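# Examining the three-dimensional arrangement
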Amino acid sequence: MFDNLKEKLGSFRKDAEEAAEENVEEVEDEEDLEDVDEAAVEAEAEAADAEEAGAAEPEAPDTTPGDDAAEVAETEADGDLEAEAAAPDSGEAAANADASSAAVEPEPESADTEAELESEPEPEPEPEPETESGSGSGSGLDLEGMIRDDEPEESAGPADAAEPDAEADAAAETEAAEAVEDDDTDTDDEAESNGSTGFGRKAKSLVKGKFVIEEEDLEDPLHELELALLSSDVEMGVVDEILDNLRDELIGETRAFTTSTGDVIEEALRDAIYDVISVGQFDFNERIAIEDKPVVIVFTGVNGVGKTTSIAKMSRYLEERGYSTVMANGDTYRAGANEQIQEHADALDTKCISHEQGGDPAAVLYDAVEYAEANDIDVVLGDTAGRLHTDEGLMDQLAKIDRVVDPDMTLFVDEAVAGQDAVNRAREFNEAAEIDGAVLTKADADSNGGAAISVAHVTGKPILFLGVGQGYDHLERFDPDEMVDRLLEDEDEE
Ligand SMILES: Nc1nc2c(ncn2[C@@H]2O[C@H](COP(=O)(O)OP(=O)(O)OP(=O)(O)O)[C@@H](O)[C@H]2O)c(=O)[nH]1
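Quantities reported herein were computed from a predicted structural model and do not represent experimental measurements.

## Brief notes about the site of the ligand
Every one of the 18 residues lining the ligand counts as a neighbour, but Lys307, Thr308, Thr309, Arg334 and Gln340 are closest to it. The contact in question runs from an oxygen atom of the ligand to an N or O atom on the backbone of Gly306, over 2.9 Å. Contacts to the ligand include Val468, whose backbone N or O atom sits 3.5 Å from an oxygen atom. Alone, the ligand offers 650 Å² of accessible surface; in the complex the protein occludes 81% of this. The dominant element in the shell around the ligand, judged by the number of residues it contributes, is helix H15 (residues 307–320), at 4 residues. Taken together, the residues of the shell around the ligand break down into 3 nonpolar, 10 polar and 5 charged.

Structure representation (structure tokens):
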């Protein structure tokens, strides 16, 4: 089932994953730099904490150093400038820290910052060339921007103010890196457990492994997917929606890869498809359970798509769940229709109400409801003549059935293999005589899956069941989660 579609989705996954992998490698290349950044930031956090502890002793209830440190820390997490300011242990770095602090807070009393600097009079670090080369093109300690080198620098002002001494910065970073290398996690834990600022944690979340997919990375895979979906008979608007969902999910944002890039792509694809196929879903069984009995369900759709067979399958489905059913042949138009449905009723040991050919379909349904009421039957399953939705006569019939028996549900039946035609018919039927949901038959013979993906989104009404064979048991509740699993599951094995 839906094999073509599965294959195409699988190709997209591979392509998109490759695009993501390329970007992950970039990040990994710069891992050392990340460590440096992290260390520098954490060293600052330590300094701030130490300073906070020291300065908290005297009675200085206001302008608490802790607050200032927190402010600096917060600011630091946002960009190059801040990370540079986080290296408090060289004279020049101190100057930077002052500059940045002044840039962020123009207040003259930089006493806190100075105190902070004094609190750790560490020796002048020696610049290490490797670190400098790690800093690369001078983007310095850009925590977030480092993995998006190709993007224009957005930050201005304060960052520039802190720029001047790259050498000292590199030195400071190096030292900080060394300082934190040993007790990296401890520091974090401590910072978090004493509830100081949450700063270490924030910094860490910024520098863990991640990737960014830019629009151009996905352009080709998305284009391929678009063509693939269209050739699988997925409706144009639905294709657009899926692609938009994928763009929203994948492009531009920094993704942490806690498991693998493949998982990120799969998740995005899963969400994108789920969004379009889950439209309007409701719990059919629950609905049957809570409606007043008898529940009346009318089946509509064009000729030969499997309405009558679906009614028989539904009868089996409901009987298996403890409901009694009666069938009603509202297809008074077609010769042989009575016999066909009666055969199913006999096979399933169910009552079937029918009138002479050419009779009034609404009258048949009415009789079936009366029969159900008189015999405590739970559900009436009404067949209708399979004619084109453009046929005014049929639409009048449906309108009359609506008036006479006021069905609890009108289900549109079409065959999955009809692809775009089924999608168009679903739309038109829904416009002409509002449907509550759809049954897609012959899904077992459909490798494209276009109708299964599109009908709910196009009509705003859910696909409730899939016909998956000719047997009475071949009716499956359409579950969007399972559907997505099915579409994405076997791909790895292929
Ligand atoms: N493979 C497969 N065949 C199905 C499925 N559902 C129905 N069919 C077959 O499709 C054919 C048409 O089914 P019907 O139930 O007669 O279709 P209908 O819409 O009632 O047709 P009319 O009464 O002529 O309007 C039959 O041969 C069914 O066995 C399904 O889910 N899978």
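## Describing the sheet that holds strand E10 (residues 475–477)
Taken together, the 8 strands give an open sheet; going across it, the order is E5-E4-E6-E3-E7-E8-E9-E10, and neighbouring strands pair in mixed fashion. Each edge of the open sheet carries a strand with a single partner, namely strand E5 (351–353) and E10. Neighbouring strand axes in the sheet, compared pairwise and without regard to direction, differ in orientation by 25° on average. Docked against the sheet, helix H16 (residues 337–348) engages strand E4 (325–330), E5 and strand E6 (379–384), running at close to 170° with respect to E4. Against the sheet, helix H17 (residues 361–374) contacts strand E3 (295–300), E4, E5 and E6, and its axis sits at roughly 165° relative to E4.

## Some words on the nonpolar core
Core analysis: the biggest nonpolar cluster contains 99 residues, and Leu246, Phe284, Ile297, Met314 and Ile453 have the highest contact counts within it. If you tally residues by element for this core, the top one is helix H13 (residues 261–277), at 8 residues. Not counting chain neighbours up to four residues away, the residues in contact with Ile453 comprise Leu5, Val234, Val238, Ile242, Ile273, Val276, Ile277 and Leu487.

## Re empty space enclosed by the protein
Unoccupied space between atoms shows up once a probe the size of one water molecule is rolled over them. Summed over the entire model, instances satisfying the criterion amount to 4 cavities of 30 Å³ or more. Computed from the structure, the second largest cavity encloses a volume of approximately 60 Å³. In terms of lining, the second largest cavity is formed by Leu466, Glu476, Arg477, Phe478, Asp479, Glu482, Met483 and Arg486. Among the secondary structure elements, those contributing two or more residues to the lining of the second largest cavity are E10 and helix H21 (480–489). No other element matches H21, which puts 3 residues into the lining of the second largest cavity. Looking at the lining of the second largest cavity, its residues break down into 3 nonpolar, no polar and 5 charged.

Basis of the calculations
- Residues numbered from 1 in each chain as written.
- Predicted model: local features only at pLDDT ≥ 70, side-chain atom pairs only at ≥ 80, totals over all residues.
- Heavy atoms only, no water.
- Near = heavy atom within 4 Å.
- Polar contact = N/O pair within 3.5 Å; in protein donor to acceptor, adjacent residues only side chain to side chain.
- Areas by Shrake-Rupley, 256 points an atom, 1.4 Å probe, with all protein chains shown as cover.
- Helix = DSSP H or I, 4+ residues; strand = E, 2+ residues; numbered from the N terminus.
- Nonpolar A, V, L, I, M, F, W, Y, C, P; charged D, E, K, R; others polar.
- Pairing = 2+ DSSP bridges.
- Axes fitted to C-alpha atoms, helices over the stretch in contact; angles between N-to-C directions.
- Contact = heavy atoms within 4.5 Å.
- Core = buried A, V, L, I, M, F, W, Y, C linked by side-chain atoms within 4.5 Å.
- Buried < 20%, exposed > 50% of the residue type's maximum accessible area, 1.4 Å probe, protein only.
- 1 Å grid on protein atoms, 1.4 Å probe; cavity = no way out; pocket = protein on both sides within 12 Å on 5 of 7 lines; lining within 4 Å.
- Points joined across faces, edges and corners; volume = space filled by probe spheres on them.

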